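# Structural features, examined
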Amino acid sequence: MTTPDSAPRPSERSKRLTLATRQTHDTLGEKVMGRDPFGSLDNYTHFATAQYLFLTELAALHTDPRLTRHIPNLPERCRAEQIKADLIDLGVALPAPVAGAVQAPSKAQALGWVFVSEGSKLGAGVLIKQARLLGLSETHGARHMGEPAEGRGRNWKSFIEMLDSVELTPEEDAELEQAANDAFSRFTYLLEQTYVKQPELA
């Protein structure tokens, strides 16, 4: 009989990442739901502000030639402009960057951060339904949750196929896993910062 700790690691990188980030992913989910982001428009504004901070921090990675070599459509996957438009819809002043953003990541680390951003598009399929109850939509206030043209499932499948095909050393794979965990923790931190009167500015 095998336990989660003794079971063989999956051969696919994307599956290993899912297992390696389960705890930080679940912690983030609990923090987000604890703030009841769709309980009111004010609550949603905090959530959207955290999304803006996170997605704009990662915008430059979407044009990094080290990544676009493997993921050619990565620039089109960036949602920084959509979330910016969402905050404008909500009448929210664009927040200043918060200290602690990822800086000069290695290729493997950058892939870990992008993995988390891409994965959140799947969860957005559920969140957009709750956003609609607040009068928001894919064209007003919740653009960043909109469904990709090819569908959420296909969009994710094509991404992980490209991610799994990137050749990395075992050390780089470890960097990638740590970076993905860091990304989940970073969003948790950014969400909490939206409730602080004087956040730690960059």
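One structure accompanies this document, and this report is about it. (Residues numbered from 1 in each chain as written. Predicted model: local features only at pLDDT ≥ 70, side-chain atom pairs only at ≥ 80, totals over all residues. Heavy atoms only, no water.)

## A look at the packing of aromatic side chains
- Tallying each qualifying case throughout the model produces eight aromatic pairs.
- Ring centres of F38 and Y44 lie 5.8 Å apart, and the angle between their planes is 40 degrees; this geometry places the pair in the tilted category. There is no split in this pair, since F38 and Y44 are both buried.
- A ring pair is formed by F47 and F187, whose centres lie 6.2 Å apart and whose planes are at 70 degrees; its orientation type is edge-to-face. Here F47, found in helix 3 (residues 41-57), pairs with F187, found in helix 9 (residues 170-193); they are 140 residues apart in sequence, far enough to count as distant. There is no split in this pair, since F47 and F187 are both buried.
- Through pairs of rings, three or more aromatic residues link up here, namely F38, Y44, F47, F54, W113 and F187. (Phe/Tyr/Trp six-rings, centres within 6.5 Å; stacked < 30°, edge-to-face > 60°. Buried < 20%, exposed > 50% of the residue type's maximum accessible area, 1.4 Å probe, protein only. Helix = DSSP H or I, 4+ residues; strand = E, 2+ residues; numbered from the N terminus.)

## Structural notes on the packing of helix 1 (residues 13-20) against helix 9
- Relative to each other, helix 1 and helix 9 sit at 45 degrees, their axes nearing to 10 Å. Of the possible angle classes, the one that applies to helix 1 and helix 9 is oblique. Like other packed secondary-structure pairs, helix 1 and helix 9 cross with a definite hand, here right-handed. Facing helix 1, whose interface residues are R13, R16, L17 and A20, helix 9 presents D173, L176, E177, A180 and N181.
- By residue class, the composition of the contact of helix 1 with helix 9 is four nonpolar, one polar and four charged. (Axes fitted to C-alpha atoms, helices over the stretch in contact; angles between N-to-C directions. Parallel < 35°, antiparallel > 145°, perpendicular 65-115°, else oblique. Left-handed = near helix turned anticlockwise from the far one by under 90°. Contact = heavy atoms within 4.5 Å. Nonpolar A, V, L, I, M, F, W, Y, C, P; charged D, E, K, R; others polar.)

## Thoughts on helix 7 (residues 107-132)
- For helix 7, built from 26 residues, the straight-helix expectation of 38 Å at 1.5 Å per residue is met to within 8% by its first-to-last C-alpha distance of 37 Å.
- Residue G123 marks the point of greatest curvature in helix 7, where the axis turns by about 45 degrees. (Expected span 1.5 Å × (residues − 1). Bend = angle between axes of the 7 residues up to and from the residue.)

## Notes on unusual backbone geometry
- Phi at D36 is positive, roughly 50 degrees, even though this residue is not glycine.
- Along the chain, D36 turns up in the loop between helix 2 (22-34) and helix 3.
- Positive phi outside glycine occurs at A104, with the angle close to 45 degrees.
- The residue A104 is located in the loop between helix 6 (80-89) and helix 7 in this model.

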